[in-house]
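# Structure at a glance
Take a look at the letters that make up each chain.
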Amino acid sequence: MGLPALEFSDCYLDSPQFRDRLKSHELELDKTNKFIKELIKDGKALIQALKNLSTAKRKFAESLNEFKFQCIGDAETDDEICIAKSLQEFAGVLQNLEDERTRMIENADDVLIMPLERFRKEQISAAKEAKKKYDKETEKYCAVLEKHLSLSAKKKEAHLHEADSQVDHVRQHFYEVSLEYVFKVQEVQERKMFDFVEPLLAFLQGLFTYYHHGYELAKDFNHFKTDLTISIQNTRNRFESTRSEVECLMRKMKENPHEHKSISHDTMEGYLFVQEKRSFVSTWVKHYCTYHREPKRVTMVLFDQKSGGKVGEEESFTLKSCTRRKTDSIEKRFCFDVEAVDRPGVITMQALSEEDRRLWMEAMDGREPVYNLNRDSQSEGLAQLDVVGFNVVKKFIYAVETRGIDEQGLYRIVGVNSRVQKLLGLAMDPKTCADVELDSTEWEIKTITSAIKYYLRMLPAPLMTYQYQRSFIKAAKLDNQEARITEIHSIIHRLPEKNRQMLDLLTKHLANVASHHQQNLMTVANLGVVFGPTLLRPQEETVAAIMDIKFQNIVVEILIENHERIFKDMPVPGGGPANLQLNLQPRRKSAESKAPSCSERPLTLFHTPPHTQKVEKRNSVVVNSTPEPQQLQPAQANAPHNNPSATRSSSTAAVNHNSSGSHGHSWTQRNSLTSTDGDQDGGLMARQNSQSRPNSLGPGRKARALYACKAEHISELSFIAGTIFENVHPSREPGWLEGILDGRKGLIPENYVEFL
């Protein structure tokens, strides 16, 4: 079980459980910091102590082997599993290299020591500074609050208003510091998955490059290194997407903290000061109280953040009645009396504010609390899975497949917001739908694809339903690939009939789009990034839900690659059909699956140009609809499919060739489906600097590999990013070059290299 996700809403409750979860993250960061220090120390010893190289390498390998990653959430993707196992793999390699004592280490300080130091200083140290600030603000807030609550109600009104204003200011500042600290802690925990492993990978690459005696071992390690490179880049890309979502959620909570508090009509919880009467004196003791409305049970735990988080004994009783305490009957403010069924006397409690007392009063007397769904309700529920909806989607799909199936960035690039609204409004209105001519140049392909995505978001519930959302996520988290497919197959056939029909229509179309990925650059993985959050959006927007986006994408990938099996065959109880050849390749394992081929090219780890992300705006679209169905133009989306075996291997990381020159393009994923003019969807699209092919290549030219590639044929060359080829010249086979690597002549994909 990994580290628990830290919800921003818990910052406002500041419960003992929240503090305990936060402490587990802090301990993990301290553990990581100590480990990095030890690793840096060992690395320096390895560089300087050539005579004691064997001893230093063993120590270094043991340090790697002992460390275990802790991921946020209850499950890991295959990429995260691969990364988590990477340190043990590195340790094994170093132990095998112990006999090769004569080797020299070059550039180890730049590729290993400095990145780890930078990560420790810039990330972990920043988290520690944030903790100091958080602890300081906690002390300040609690002190001000206690002083404020000790004010007599008989003070002048102006004095009381001034005190209230001061407390509100301190409280707001405390909440902001708390949110920022939680955000930073989780950011560092996620960053270490790639910022920490990447320097180690580069260090090992240096060893293999400069040590002749390690050549054979380096060749054996090539498979895992390539696999890990893909996993690191995938994890990095998921992190960028997830981080932007979490940061957006944090900003929402900063701007409207009251709208994002966790308020439930079943429970109420928070801090209360309970009056304890002793002989001639009464004291007010701070408790964390929880009230469950259904059994009318109140639980009180003695707890004070300032005392180091020590939890006292728990008390509980059944509520009989709750009465507001008049101001003139007690010196304290915000008080109310509670009577219990199973304990004598009246318990006087003091809330933290008038608003807090009102919420406690509403909860305890059974009235409905203020409840806010953190959703944009205006933009949902305007579309239905009816005849009109099916005809509109079919018509749009037909237009895409006949006009723009090969258009680059299909579904990734979004249309202009106003045009999308206009198209969707006309197409769904029975009075105007017949006049919509999608064959004309009036409607761009990006406008049509954005309309499809926006229609799916307008449904009252996601196409794969809130009911089965968690079931799909759990299925994606299964260890075995066949088990994932079988479970998703079963769940699909439990969906409502119309949902399943629409999903069948959509995924069949997406499979067709993916089959043209050499032209449109939209691989199955890229389509999963675009449609995962739309088809499987969660009912509540939380940090934990954002962390599951990567599994939503996996579900959509499985649906696209196994469309025929999942939608045409009924699920078989106890397992799938026998001897079924799956279309989906098994997802990468750290040491079990075969090495990726050129068709599974990773985004290079060493060429990552900076890019600017444009954030889409989420807009509400008001569409005129009518319950009367209108038959639109039938859409027979039977565009021809490319035969994958008829072409050479293509890339999962899409390469953008621009006829006017070479340009690096980058996109980043957003859940929104429309944006202002010129904006593009972002995500995991590849970044590659494509160079125009020279008209004439003389003999003896050298080229450098931009990406790793595993040969699929005896005539092809296998290589890693950064490899230098000799005597590179055009091949008779289109899209390929010929070159020499280590004395062997073979074919090289043209778009994998740049000429020196």
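This one's a predicted model, so the numbers in the text were calculated from it and none came from an experiment. (Residues numbered from 1 in each chain as written. Predicted model: local features only at pLDDT ≥ 70, side-chain atom pairs only at ≥ 80, totals over all residues. Heavy atoms only, no water.)

### Side note on the overall build of the protein
Quick note on the threshold: Strands here are runs of E lasting at least two residues and helices are runs of H or I lasting at least four, both read from the DSSP assignment and numbered beginning at the N terminus. Burial classes follow relative accessibility: with a 1.4 Å probe on protein chains only, a residue under 20% of its type's maximum area counts as buried, one over 50% as exposed, and anything between as partly exposed. Residues count as neighbours in contact if any of their non-hydrogen atoms are within 4.5 Å of one another. The method behind every accessible area is Shrake-Rupley, applied with a 1.4 Å probe, and residues are considered shielded solely by the protein chains displayed.
Check the secondary structure of the protein and you find 20 helices and eleven strands. Taken across its 756 residues, the protein has 53% of its residues classed as buried. For the protein, the proportion of contacts with a sequence separation of at least 24, taken over those separated by at least 6, is 73%. Taken as a whole, the protein presents about 35000 Å² of accessible surface, with 49% of it coming from carbon and sulfur.

### Topic: the packing of aromatic side chains
The geometry of an aromatic ring pair is captured by the separation of the ring centres together with the interplanar angle, meaning the angle of the planes. Basically, it comes down to this: In this scheme Phe, Tyr and Trp rings, the latter by its six-membered ring, pair at centre separations within 6.5 Å, and the angle between planes marks the pair as stacked below 30 degrees, edge-to-face above 60, and tilted otherwise. Whether a charge sits over a ring depends on NZ of Lys or CZ of Arg being within 6 Å of the ring centre and within 35 degrees of the ring normal.
Across all of its chains, the model carries 18 aromatic pairs by this definition. Aromatic side chains phenylalanine 60 and phenylalanine 203 sit 6.0 Å apart centroid to centroid with 70° between the ring planes, which places their arrangement in the edge-to-face category. Of this pair, phenylalanine 60 sits in helix H3 (residues 53–66) while phenylalanine 203 sits in helix H7 (residues 197–210); the two residues are 143 residues apart in sequence, bridging distant segments of the chain. Of the two residues examined, phenylalanine 60 and phenylalanine 203, each falls in the buried class. Aromatic rings pair up to connect Tyr12, Tyr134, Tyr141, Phe174, Tyr175 and Tyr181 into one cluster. Seen from the ring of tyrosine 271, lysine 286 lies directly overhead, with NZ or CZ sitting 4.9 Å from the centre.

### Some thoughts on the pairing of strand E5 (residues 335–340)
Stated formally: Here, a strand pair is defined by DSSP locating no fewer than two bridges between the strands.
With respect to burial, E5 is a largely interior element, five of its six residues being buried. Pairing of strand E4 (residues 311–324) with E5, which is carried by five bridges, proceeds in the antiparallel orientation. Bridge assignment links threonine 323 to a residue of E5, and that residue is aspartate 337.

### Side note on the sheet that holds strand E11 (residues 753–755)
The following threshold applies: Only the stretch in contact is used when a helix axis is fitted, and all axes are lines through C-alpha atoms; the angle between N-to-C directions ranges over 0 to 180 degrees.
Read from one edge of the open sheet, five strands run E10-E9-E8-E7-E11, paired in antiparallel fashion. The sheet terminates laterally at strand E10 (744–749) and E11, the two strands that pair on one side only. Recorded for the sheet is a direction-independent mean angle of 40° between the axes of neighbouring strands. Direction of pairing for strand E8 (residues 724–730) relative to strand E9 (residues 736–741): antiparallel, over a ladder of three bridges. Bridge pairing links histidine 729 to glutamate 738 in E9.

### Quick notes on the packing of helix H11 (residues 417–428) against helix H12 (residues 445–458)
Just so we agree on the cut-off: For classification purposes, an angle smaller than 35 degrees is called roughly parallel, one larger than 145 roughly antiparallel, one from 65 to 115 roughly perpendicular, and anything else oblique. The handedness criterion is simple: a crossing whose near helix is rotated anticlockwise from the far helix by less than a right angle is left-handed, and one whose near helix is rotated clockwise is right-handed.
Close contact between H11 and H12 brings their axes to 9 Å; oriented N to C, the two are set at 70°. By the angle between their directions, the pair H11 and H12 is classed as roughly perpendicular. Two packed elements cross with a definite hand, and for H11 against H12 that hand is right-handed. Along the contact surface, H11 presents Arg419, Val420, Leu423, Leu424 and Met428, while H12 presents Thr447, Ile448, Ser450, Ala451, Tyr454, Tyr455 and Met458.

### Section: the nonpolar core
The test is simple: What we call a nonpolar core is a set of buried Ala, Val, Leu, Ile, Met, Phe, Trp, Tyr and Cys residues that are connected through their side-chain atoms within 4.5 Å.
Grouped together as the largest cluster of nonpolar side chains are 110 residues, with contacts concentrated most on Phe8, Leu64, Phe90 and Phe336. Counting residues per element, this core draws most heavily on helix H5 (residues 108–149), which supplies 14 residues. Those residues within four positions of phenylalanine 8 in sequence are excluded, and the remaining contacts are Leu179, Val182, Phe183, Val246, Leu249, Met250, Met253 and Val543.

### As for unusual backbone geometry
In this structure, lysine 296 is a non-glycine residue whose phi angle is positive, near 55°. Backbone geometry at phenylalanine 334 places phi at a positive 60°, although glycine is not the residue there. Within the fold, phenylalanine 334 resides in the loop between E4 and E5. Among the residues examined, phenylalanine 334 registers a relative accessible area of 7% and is labelled buried.

### Side note on the pattern of salt bridges
The criterion, for reference: Only one rule defines a salt bridge in this text: a Lys or Arg side-chain nitrogen within 4 Å of an Asp or Glu carboxyl oxygen.
Per the counting criterion, the structure on display carries 32 salt bridges. The salt bridge involving glutamate 362 is made with arginine 358; its shortest N-O contact spans 2.6 Å. Of this pair, glutamate 362 and arginine 358 both sit in helix H9 (residues 354–364), separated by four residues, roughly a single helical turn. Relative accessible area serves as the criterion here: at 12%, glutamate 362 is assigned to the buried category. When its relative accessible area of 29% is taken as the criterion, arginine 358 is described as partly exposed. A salt bridge links arginine 704 to glutamate 754, with the shortest nitrogen-to-oxygen separation between them at 2.4 Å. Taken together, the residues arginine 704 in strand E7 (residues 703–705) and glutamate 754 in strand E11 connect sequence positions 50 residues apart. With a relative accessible area of 26%, arginine 704 lands in the partly exposed category.

### Considering the confidence of the model for the protein
Condition: The pLDDT score gives, residue by residue, the confidence of the prediction method on a 0 to 100 scale.
Chain-level pLDDT for the protein is 75 on average; 76% of the residues reach the 70-or-more range. Model confidence for the protein, summarised as mean pLDDT per element, is weakest for helix H18 (residues 543–547) at 77 and strongest for helix H15 (residues 497–515) at 94. With pLDDT under 50 throughout, residues 366–381 is counted as low confidence; its partners more than four residues away or in other chains account for 41 contacts. Predicted confidence for residues 576–698 stays below pLDDT 50, and this span has 321 contacts to residues more than four positions away or in other chains.

### Remarks on the pairing of E4
In the case of a regular strand, side chains alternate between the two sheet surfaces. By the bridge criterion, six bridges tie strand E3 (residues 297–303) to E4 in an arrangement that is antiparallel. The partner of methionine 300 across the bridge, within E4, is glutamate 315.

### Observations regarding the environment of lysine 320
Inspection of the secondary structure puts lysine 320 in strand E4. Taking relative accessible area as the criterion, lysine 320 reaches 57% and is therefore assigned exposed. When the C-alpha atoms of lysine 320 and arginine 297 are compared, they prove to be 9.6 Å apart, with 23 residues separating the residues in sequence. Setting aside residues no more than four positions away along its own chain, lysine 320 makes contact with Glu339, Ala340 and Val341.

### Side note on the environment of aspartate 356
Structurally, aspartate 356 is set in helix H9. Exposure remark for aspartate 356: the relative accessible area of 15% places this residue in the buried category. As for aspartate 356 and phenylalanine 334, which are separated by 22 residues in sequence, their C-alpha atoms are 8.2 Å apart. In this view, aspartate 356 contacts Met268, Tyr271, Leu272 and Ala351; residues no more than four positions away in its chain are not counted.

### Points about the packing of helix H13 (residues 469–476) against helix H19 (residues 549–561)
Condition: Gly counts as polar in this scheme, as do all residues outside two lists: the nonpolar Ala, Val, Leu, Ile, Met, Phe, Trp, Tyr, Cys and Pro, and the charged Asp, Glu, Lys and Arg.
Running from amino to carboxyl end, H13 crosses H19 at an angle of 85°, the nearest separation of the two axes being 9 Å. As judged from the angle between their axes, H13 and H19 are roughly perpendicular. Where H13 approaches H19, its residues Gln469, Phe472, Ile473 and Ala476 are matched on the opposing element by Phe551, Gln552, Ile554 and Val555. Taken together, the residues of the contact of H13 with H19 break down into six nonpolar, two polar and no charged.

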